[in-house]
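Observations on chain architecture
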Amino acid sequence: MLVQGDEAIDELVLGAFPDSNQVMKEAPLLIVICARQDDDLTVGRKPYYLFDAGLTVENLLLAATDLGLVTHPALRFDESEVKKILEIPREYRVVLVTPLAYPVEPSYDEAAEERLRERTRKDLGEITHYGKWGSRKPV
Ligand SMILES: Cc1cc2nc3c(=O)[nH]c(=O)nc-3n(C[C@H](O)[C@H](O)[C@H](O)COP(=O)(O)O)c2cc1C
């Protein structure tokens, strides 16, 4: 669901988000991803509705980025407050909220710092199992 307008956005962010996410009030639009288990498959007692909501979010983030827009997915919110404020039915879970906003040009120093920041990634060998669980050797 979409939340627009200063008043509605302020009500939601002030009412359900921690201090660290109050900056979301600056966005012109909040996208609230809701999902209901009954709308999706459950296979081998694994409900896939949250997984599929995640795929939706990924596509949304990629599309927004491609359009030059800014997102900031957030899951730290009080779900029952979000549901109360937005009048979302009981059977839905609120999976994630992201603002959709126009980029603000960072100052030169900020941009340079971001580019130079060291990025650490786990080595693929640390997280891959080959053929049998626990085997770290490629076959
Ligand atoms: C599933 C998910 C949930 C997140 N939840 C929060 C959140 O509740 N609050 C927050 O400030 N950042 C949260 N983040 C991190 C930010 O959305 C963002 O990805 C991170 O700050 C990196 O930003 P950048 O990609 O613009 O560098 C979350 C990220 C993901 C992927």
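It should be noted that the structure appears before, not after, this text.
Quick summary incoming for the structure in this document. Keep in mind that what you see is a predicted model, and the values were worked out from it rather than measured.

In terms of regular secondary structure, the protein is built from five helices and six strands. The N-to-C order of helical and strand elements in the protein reads β-α-β-β-β-α-β-α-β-α-α. Whereas a compact globule of 139 residues would reach a radius of gyration of roughly 14 Å, the protein reaches 19 Å, over 25% beyond that. Each principal axis of the C-alpha distribution contributes one length, and for the protein these read about 60 × 50 × 25 Å. Burial statistics for the protein: of 139 residues in total, 10% are counted as buried. Taking contacts inside the protein between residues at least 6 apart in sequence as the whole, the part at least 24 apart equals 60%.

Right, let's get into the packing of helix α1 (residues 6-16) against helix α3 (residues 79-86). Here α1 crosses α3 at 155°, and the two axes come no closer than 9 Å. Taken together, the axes of α1 and α3 lie roughly antiparallel to each other. Judged by the twist between their axes, the crossing of α1 over α3 is right-handed. For the pair α1 and α3, the contacting residues are E11, L12, G15 and A16 in the first and E81, V82, I85 and L86 in the second. Of the residues belonging to the contact of α1 with α3, the class tally is five nonpolar, one polar and two charged.

Taken together, the residues surrounding the ligand are S20, N21, H72, P73, A74, L75 and R76. Along the lines of polarity and charge, the residues of the shell around the ligand split into three nonpolar, three polar and one charged.

Quick look at the sheet that holds strand β2 (residues 29-36) now. A sheet is described by the order of its strands in space; here four strands give the open sequence β1-β2-β6-β5, paired in antiparallel fashion. A strand with exactly one partner marks an edge of an open sheet, and here the two such strands are β1 (2-4) and β5 (70-71). Direction of pairing for β1 relative to β2: antiparallel, over a ladder of three bridges. Residue pairing across strands places V3 opposite L30, the latter belonging to β2. Those strands touched by helix α2 (residues 49-66) are β2, β5 and β6 (92-101), and its axis lies near 155° from that of β2.

The next point concerns unusual backbone geometry. In this structure, R45 is a non-glycine residue whose phi angle is positive, near 65°. Looking at where R45 falls in the secondary structure, it is placed in the loop between β3 (42-43) and β4 (46-47). Even without being a glycine, E87 presents a positive backbone phi close to 60°. You can see E87 is positioned in the loop between α3 and β6. Here E87 falls in the exposed class, since 7 other C-beta atoms lie within 10 Å of it.

A separate point is the nonpolar core. As a rule of thumb, nonpolar side chains are buried together in soluble globular proteins. Counting ten residues, the largest nonpolar core is built from L12, V13, A16, F17, M24, A27, L30, F77, L96 and V97. Ranked by residues supplied to this core, first place goes to α1 with three residues. Not counting the four nearest positions on each side in its chain, L30 is found in contact with V3, I9, L12, M24, V97 and P99.

Inspection of the sheet shows β2 paired to β6 by eight bridges, in the antiparallel sense. Note on β6: the bridge partner recorded for R36 is Y92.

Definitions and limits used
Residues numbered from 1 in each chain as written. Predicted model: local features only at pLDDT ≥ 70, side-chain atom pairs only at ≥ 80, totals over all residues. Helix = DSSP H or I, 4+ residues; strand = E, 2+ residues; numbered from the N terminus. Rg over C-alpha atoms; globule rule 2.2 N^0.38 Å. Buried ≥ 20, exposed ≤ 12 C-beta atoms within 10 Å, placed from the backbone. Contact = placed C-beta atoms within 7 Å. Axes fitted to C-alpha atoms, helices over the stretch in contact; angles between N-to-C directions. Parallel < 35°, antiparallel > 145°, perpendicular 65-115°, else oblique. Left-handed = near helix turned anticlockwise from the far one by under 90°. Nonpolar A, V, L, I, M, F, W, Y, C, P; charged D, E, K, R; others polar. Near = placed C-beta within 6 Å. Pairing = 2+ DSSP bridges. Core = buried A, V, L, I, M, F, W, Y, C linked by C-beta atoms within 7 Å.

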